[in-house]
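Report on the structure
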Amino acid sequence: MMFWMVALIALFQFAAGCKEDDENPSSARARTYTLGELSGSGVSGSVTFTKVDAATTRVAIALTGTSEGNTHPAHIHSGNASTGGPIVLDLNPVDGATGKSETMVTALNNGTAIVYEDLIAFDGHVNVHKSATELGVMIAQGNIGSNVSTPAPSPDTGGGNGGY
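Residues numbered from 1 in each chain as written. Predicted model: local features only at pLDDT ≥ 70, side-chain atom pairs only at ≥ 80, totals over all residues. Heavy atoms only, no water.

1. A look at the side chain of threonine 66
Just so we agree on the cut-off: A run of H or I in DSSP becomes a helix once it reaches four residues, and a run of E becomes a strand once it reaches two; helices and strands are each numbered from the N terminus. Think of a polar contact as two N or O atoms within 3.5 Å of one another; within protein, one of them needs to be a possible hydrogen donor and the other a possible acceptor, and neighboring residues in sequence only count if both atoms come from side chains. Contacts were defined at the residue level, with two residues in contact if any of their heavy atoms lie within 4.5 Å.
By the secondary structure assignment, threonine 66 is in the loop between strand 3 (57–64) and strand 4 (71–78). Within polar-contact distance, the side chain of threonine 66 engages the backbone oxygen of glycine 96 at 2.8 Å. Each residue touching threonine 66, except ones within four places of it in the same chain, is listed here: Val43, His72, Asp95, Gly96, Thr98 and Gly99.

Encoded structure:
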């Protein structure tokens, strides 16, 4: 009898916890943003921030339109995509064969700690470049954090320069 009571209490607590997460969007552990095509590249996709733990965020880029043999540097910049801004966080390059990149983040390039909640509220944007030797050519770009309501540049404008 005691076993069943403990099991019932545990089940109730689990169900109550799940319901709370479903009703509270602030408890979400992942946020995805669109990366739009630039410069007629044919490349677009998304960047997803996932909370791994209190100090670590996984930043995953998934692109379509990339080609095997290419590597595409990616960065988070401050400011919105239309006006650009300096690089604040280098991300692992996107593999052209898969269109994917994954970076575990705990701090900005300057060493300042940054957590998931800060990243999804950050005044920034993501740039993906054609290659390490052609950083001035961006192939995909998108606003993140507080800039999601700011329209991304049109594919014809080439985006903000963003300090590359």
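Once the structure has been displayed, the description carries forward.
2. Digging into the nonpolar core
Formally: Throughout, nonpolar core names a set of buried Ala, Val, Leu, Ile, Met, Phe, Trp, Tyr and Cys residues whose side chains join them through atoms within 4.5 Å. Note on classification: 1.4 Å probe, protein chains only; a residue is buried when its accessible area is under 20% of the maximum for its type, exposed when over 50%, partly exposed between these limits.
Membership of the largest hydrophobic core comes to 26 residues, with the highest contact counts inside it found for Val47, Phe49, Ile61, Ile76 and Val128. Put simply, the parts of the chain that give this core at least two residues each are strand 1 (30–37), strand 2 (44–51), strand 3, strand 4, strand 5 (87–95), helix 2 (116–119), strand 7 (123–131) and strand 8 (134–145).

3. Thoughts on the confidence of the model for the protein
As a note on interpretation, predicted positions should not be read in detail where pLDDT is low. Going by this rule: As a per-residue quantity, pLDDT reports the predictor's confidence and falls between 0 and 100.
On average, residues of the protein carry a pLDDT of 83, and 74% of them reach 70 or more. Confidence drops under pLDDT 50 across residues 151–158; counting only partners more than four residues distant or on other chains, this segment forms 17 contacts.

4. Points about the pattern of salt bridges
For clarity, the cut-off: For this analysis, a salt bridge means a side-chain nitrogen from Lys or Arg found within 4 Å of a carboxyl oxygen belonging to Asp or Glu.
A complete count under the given rule lists three salt bridges for this structure. The residue glutamate 102 makes a salt bridge to arginine 58 at a minimum N-O spacing of 3.4 Å. In this pair, glutamate 102 sits in strand 6 (residues 100–105) while arginine 58 sits in strand 3, placing the two residues 44 residues apart along the sequence. When its relative accessible area of 47% is taken as the criterion, glutamate 102 is described as partly exposed. Residue classification places arginine 58 among the partly exposed residues on the basis of a relative accessible area of 28%. Put simply, lysine 130 and glutamate 134 hold a salt bridge, and the shortest N to O gap is 3.8 Å.

5. Remarks on the pairing of strand 3
Definition in use: The pairing criterion is simple: DSSP has to find at least two bridges between the two strands.
Burial of the side chains of strand 3 is restricted to one face: Thr57, Val59, Ile61 and Leu63 are buried, whereas none of Arg58, Ala60, Ala62 and Thr64 on the reverse face is. In this structure, the hairpin formed by strand 2 and strand 3 is closed by a connection of five residues. Summarising the sheet, strand 3 and strand 6 pair through six bridges and their orientation is antiparallel. Its bridge partner being in strand 6, arginine 58 is matched across the sheet by methionine 104.

6. Structural notes on the packing of aromatic side chains
Selection rule: Stacked, tilted and edge-to-face are the three classes assigned to paired rings of Phe, Tyr and Trp, where Trp is represented by its six-membered ring and a pair needs centres within 6.5 Å; plane angles under 30 degrees give stacked, over 60 edge-to-face, the rest tilted.
With the rule as written, the count across this model stands at one aromatic pair. Centre to centre, the rings of tyrosine 33 and phenylalanine 49 are 5.6 Å apart; their planes meet at 75 degrees, and the pair counts as edge-to-face. With tyrosine 33 in strand 1 and phenylalanine 49 in strand 2, this residue pair connects regions lying 16 residues apart in the sequence. With a relative accessible area of 0%, phenylalanine 49 lands in the buried category.

7. Comments concerning the environment of glycine 65
The residue glycine 65 is located in the loop between strand 3 and strand 4 in this model. Exposure remark for glycine 65: the relative accessible area of 48% places this residue in the partly exposed category.

8. Focus on the side chain of glutamine 141
Here glutamine 141 lies in strand 8. Overall, the relative accessible area of 2% leaves glutamine 141 in the buried class. At 2.6 Å, the side chain of glutamine 141 forms a polar contact with the side chain of asparagine 127.

9. Brief notes about the pairing of strand 7
Across the nine residues of strand 7, seven count as buried, placing the element largely inside the fold. Across five bridges, the pairing between strand 4 and strand 7 is antiparallel. Across the sheet, residue alanine 74 finds its bridge partner in strand 7, namely valine 128. Bridging between strand 7 and strand 8 involves eight bridges; their strand directions are antiparallel. Following the sheet pairing, valine 128 is matched in strand 8 by alanine 140. Joining the antiparallel neighbours strand 7 and strand 8 is a turn of two residues.

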